[in-house]
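# Structure at a glance
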Amino acid sequence: MSDKNVCRECAFYEDHVANDGSVTQNAGLCRFNPPVSQPESNSRGLWPVVAAEDWCGHFHAPVTSKAA
């Protein structure tokens, strides 16, 4: 697997921001699938937290705009 096909390089990866507003080092949210529901019915769903160096079979390179 290429080092470029890790979560931090994926279009579906988003930096994980903690409740205090700080960015969590080496962690992000995977936005490929919908949030995971929680055991309590009144709890909000949570996006899976992944390490920046993790990988899976859903990798998509970010879309870049082309200059005219």
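Residues numbered from 1 in each chain as written. Predicted model: local features only at pLDDT ≥ 70, side-chain atom pairs only at ≥ 80, totals over all residues. Heavy atoms only, no water.

## Topic: the pairing of strand E1 (residues 13–17)
Where a strand is regular, its side chains alternate between the two sheet faces. The line we're drawing: Pairing between strands is defined by DSSP: at least two bridges between them are needed. Numbering goes from the N terminus for both helices and strands, where a helix is a DSSP run of H or I of at least four residues and a strand is a run of E of at least two.
Direction of pairing for E1 relative to strand E2 (residues 23–30): antiparallel, over a ladder of 4 bridges. Bridged to glutamate 14 within E2 is leucine 29. Hairpin connection between E1 and E2: a loop of 5 residues separates the two successive antiparallel strands, and glycine 21 in this loop has a positive phi of roughly 90°.

## As for the pattern of salt bridges
The following threshold applies: Salt bridges are defined by distance alone: a side-chain nitrogen of Lys or Arg within 4 Å of a carboxyl oxygen of Asp or Glu. Working definition: with a 1.4 Å probe on protein chains only, accessible area under 20% of the residue-type maximum means buried, over 50% means exposed, and in between means partly exposed.
The final tally for this structure, using the stated rule, is 3 salt bridges. Between glutamate 9 and arginine 8 there is a salt bridge, with its nearest N and O atoms 3.5 Å apart. When its relative accessible area of 34% is taken as the criterion, glutamate 9 is described as partly exposed. Of the charged contacts, one joins arginine 8 and glutamate 53 as a salt bridge, the two residues approaching to 2.0 Å between their closest N and O atoms. Residue arginine 8 is located in the segment before E1, and its partner glutamate 53 is located in the segment after strand E3 (49–51); the two are separated by 45 residues in the primary sequence. The class of arginine 8 is partly exposed, set by a relative accessible area of 37%. The exposure class assigned to glutamate 53 is partly exposed, which follows from its relative accessible area of 46%.

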